[in-house]
Amino acid sequence: MSKTSNTHPIAPNFRIGTGYDVHRLVEGRDLVLGGVKIPFEKGTLGHSDGDALTHAIADAILGALALGDIGQHFPDTDPEYEGVYSIDLLKHVASLIKKNGFMVSNVDATLILQRPKVMEFLPEMREKLAEALEVSPDQVSVKATTTEGMGMTGNGDAVAAQAVCLLSTF
């Protein structure tokens, strides 16, 4: 059986990746989502700034590139990444996209949390994420949903995010 390749010089090469992240909500920390600081009495616990949305997007991209996950690239055991602004991590991931000959076609992400309501912050999140990825904001979708009071996100213990991305060669 012969292997086929999707590297024809005229046909684009596509890669799809998914990402998921969850962080506990605790007092005494900032709530940063999509690079935006959200006013709230709790923030995300994490080695970095705990930005679950940005982490999910980074994992989706790394998955599409078959380069592992965010923990392999930015281990929580490395003091260099303690408290780091996750948008800076995403900028590094974006450099890997180019290095591997791809570009972002689109990113679609969903925040999962009961509180706070984040609708008013979504446009700014899209802007910051698009800037980090060096794409237009219309290539980045960010939505938010609740779990109707159920589970860790519904009872206010955590914020979760999931993302999917499509990378292409042109």
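Up top is the structure.
Residues numbered from 1 in each chain as written. Predicted model: local features only at pLDDT ≥ 70, side-chain atom pairs only at ≥ 80, totals over all residues. Heavy atoms only, no water.

Q: Looking at this model, I keep getting lost on helix α1 (residues 52-64). Mind explaining?
A: One turn of the α-helix equals 3.6 residues, which is why residues spaced by three or four share an orientation. The end-to-end C-alpha separation of α1 is 18 Å, in line with the 18 Å expected for 13 residues at 1.5 Å each. Taking burial as the measure, the 13 residues of α1 include 12 buried ones, the bulk of the element. Among the residues of α1, A52, L53, T54, H55, A56, I57, A58, D59, A60, I61, L62 and A64 are the ones counted as buried. Downstream of α1 by a residue or two, A66 has a phi angle that is positive, lying close to 55°. (Helix = DSSP H or I, 4+ residues; strand = E, 2+ residues; numbered from the N terminus. Expected span 1.5 Å × (residues − 1). Buried < 20%, exposed > 50% of the residue type's maximum accessible area, 1.4 Å probe, protein only.)

Q: Honestly, the side chain of H23 in this entry has me stumped. Any pointers?
A: For H23, the position within the fold is in strand β1 (residues 14-26). Under the relative-accessibility criterion, H23 is labelled buried at 12%. Only 2.8 Å separates the side chain of H23 from the side chain of D21, close enough to count as a polar contact. Polar side-chain contacts of H23 include one of 3.2 Å to the side chain of H55. With residues up to four places along the chain from it excluded, the contact list for H23 reads T44, L45, G46, G50, A52, H55, D157, A158 and V159. (Polar contact = N/O pair within 3.5 Å; in protein donor to acceptor, adjacent residues only side chain to side chain. Contact = heavy atoms within 4.5 Å.)

Without other data, these values stay purely geometric and don't point to any function.
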